[in-house]
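# Remarks on the overall topology
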Amino acid sequence: MDSTATEITHDFPPFFRVHKDGTIDRFGRQPEFAPPSDDPQSPVRSKDVLISPVTGVSARLYLPTTTTSPLPSPPQKKLPLLVYVHGGGFCLGSASTPKFHHFVTSLAAEANIAAVSVDYRLPPEHPLPIAWVFSHKSGSGPDPWINDHVDFTRVFLGGESAGANIASNVAIRAGVDGLKVMGLVLVHPFFGGKEEDKMYKFMCPSSSGLGDDPRLNPAVDPGFPGMGCERVLVCIAEKDFLRDRGWGYYEALGKSGWVGEREIMESEGEGHGFHLFDPDCEKADVQLKRVACFLNRV
């Protein structure tokens, strides 16, 4: 056997390791798949759509059953839309991963909103299709669920962990490009700390892995004060190793000159992503209701 096939050059548990020959081993169990549900008797219907045949980027769409029945007749009142980005350290998971699918389904039901869960390409093999969503604004986009049921004056971005990082950066880029969404929901967001983030630097070679990179530290992004949303909710957990970074983001936003409303909630005694691993616990329900309230407030 070629020794280069087994020699490890980068090791980032619990996410992945890289061998000298370029082979990548992802840690953990084999990918899990939760199928979409088009059952009209379920609280929320869901389906998968291909956004880009070239890149393979796809998304899972969610609509409350009361809204999607009867289809295809458009409802009298359209719904807010959440564009959701799943977590997984930028390199694991998908929109069909059961824990992410369950969370978005529960949120769509609780808040009575439409949702687009983005199945983005994962590094390190691939070093956000918000434009696809807004292509439906005139009512002539490629998907009738979005054309007929979404109120484009109430679009939100959101995500958890690494997905929250991506959502924040999309909101900043939206502001730079003169676009506006109503709000941003960051659940247990991942941002950089004081030490070099070697895994992020490996996945994103253009990054220093330090706090001078605005993707890791939005406070140093020149576009941060003009972030393209009206309000922000940051959800943190007391025992999460990322807790202080979430607080830091919230405080930096208040000092940046950004004009908008900011909120923060902390789940006492809980760790990172607790709502994904124990979705039926009381504090997960409290957090879900807080996010739903944020999305429904006019």
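I will try to describe carefully the structure that is included in this document.

Calculation rules
- Residues numbered from 1 in each chain as written.
- Predicted model: local features only at pLDDT ≥ 70, side-chain atom pairs only at ≥ 80, totals over all residues.
- Heavy atoms only, no water.
- Phe/Tyr/Trp six-rings, centres within 6.5 Å; stacked < 30°, edge-to-face > 60°.
- Buried < 20%, exposed > 50% of the residue type's maximum accessible area, 1.4 Å probe, protein only.
- Helix = DSSP H or I, 4+ residues; strand = E, 2+ residues; numbered from the N terminus.
- Axes fitted to C-alpha atoms, helices over the stretch in contact; angles between N-to-C directions.
- Parallel < 35°, antiparallel > 145°, perpendicular 65-115°, else oblique.
- Left-handed = near helix turned anticlockwise from the far one by under 90°.
- Contact = heavy atoms within 4.5 Å.
- Nonpolar A, V, L, I, M, F, W, Y, C, P; charged D, E, K, R; others polar.
- Expected span 1.5 Å × (residues − 1).
- Arc of directions from axis to C-beta.
- Salt bridge = Lys/Arg side-chain N within 4 Å of Asp/Glu carboxyl O.
- Pairing = 2+ DSSP bridges.

### Here we look at the packing of aromatic side chains
- Taken as a whole, this structure holds 10 aromatic pairs when the rule is applied.
- Between F12 and F202, the ring centres sit 5.9 Å apart and the planes meet at 45°, which makes this aromatic pair tilted.
- Using a relative accessible area of 12% as the deciding quantity, one classes F12 as buried.
- With relative accessibility at 25%, the residue F202 sits in the partly exposed group.
- Ring plane angle 85° and centroid distance 5.7 Å describe the contact between W247 and Y250, whose orientation is recorded as edge-to-face. Of this pair, W247 and Y250 are both found in helix α7 (residues 243-255), 3 residues apart, which corresponds to roughly one turn of the helix.
- According to the relative accessible area criterion, Y250 is buried, its value standing at 16%.
- Of the aromatic side chains, those joined through ring pairs into one cluster are F12, F16 and F202.

### Some details on the packing of helix α2 (residues 98-111) against helix α9 (residues 282-296)
- Interaxial distance between α2 and α9 falls to 9 Å at its minimum, and their mutual angle equals 55°. Viewed along their axes, α2 and α9 adopt a mutual orientation that is oblique. For the element pair α2 and α9, the recorded crossing hand is right-handed. Together, F103, S106, L107, E110 and A111 of α2 and L288, K289, V291, A292, L295 and N296 of α9 make up the contact between the two elements.
- Residues belonging to the contact of α2 with α9 are distributed by class as follows: 7 nonpolar, 2 polar and 2 charged.

### Re the environment of S46
- Tracing the backbone shows S46 in strand β4 (residues 44-50).
- Taking the C-alpha atoms as reference points, S46 and P35, 11 residues apart in sequence, are found 8.8 Å from one another.
- Sequence-distant contacts of S46, that is, excluding residues within four places in its chain, are made with P36, S37, D38, R60, L61, Y62, H101 and W145.

### Considerations on α9
- A rise of 1.5 Å per residue sets the reference length of α9, with its 15 residues, at 21 Å; its end C-alpha atoms lie 21 Å apart and thus fit the reference within 8%.
- Along α9, the residues that are buried comprise A284, Q287, L288, V291, A292, F294 and L295. The buried residues of α9 all sit within an arc of 160° when viewed along its axis, so they share a single face. In this structure, α9 carries E282 and C293 as exposed residues pointing more than 90 degrees from its buried face.

### Observations regarding the pattern of salt bridges
- Applying the stated criterion across every chain yields a total of 15 salt bridges.
- R243 is paired through a salt bridge with D244; the nearest N and O atoms lie 2.8 Å apart.
- A residue is classified by how much of its surface remains accessible, and R243, at 24% relative accessible area, is partly exposed.
- The exposure class assigned to D244 is exposed, which follows from its relative accessible area of 55%.

### A few points about α2
- The end-to-end C-alpha separation of α2 is 20 Å, in line with the 20 Å expected for 14 residues at 1.5 Å each.
- Residues F100, H101, F103, V104, L107, A108 and A111 constitute the buried set of α2. Buried residues along α2 cover an arc of 165° about the axis, so they all sit on one side.

### As for the sheet that holds strand β1 (residues 8-12)
- Taken in spatial order, the 3 strands make up an open sheet running β1-β2-β3, and their pairing is antiparallel. The sheet terminates laterally at β1 and β3 (24-26), the two strands that pair on one side only. The mean inter-strand angle of the sheet, taken between neighbouring strand axes irrespective of direction, is 10°.
- With 4 bridges connecting them, β1 and strand β2 (residues 16-19) associate as antiparallel partners. By the bridge assignment, F12 is partnered in β2 with F16.

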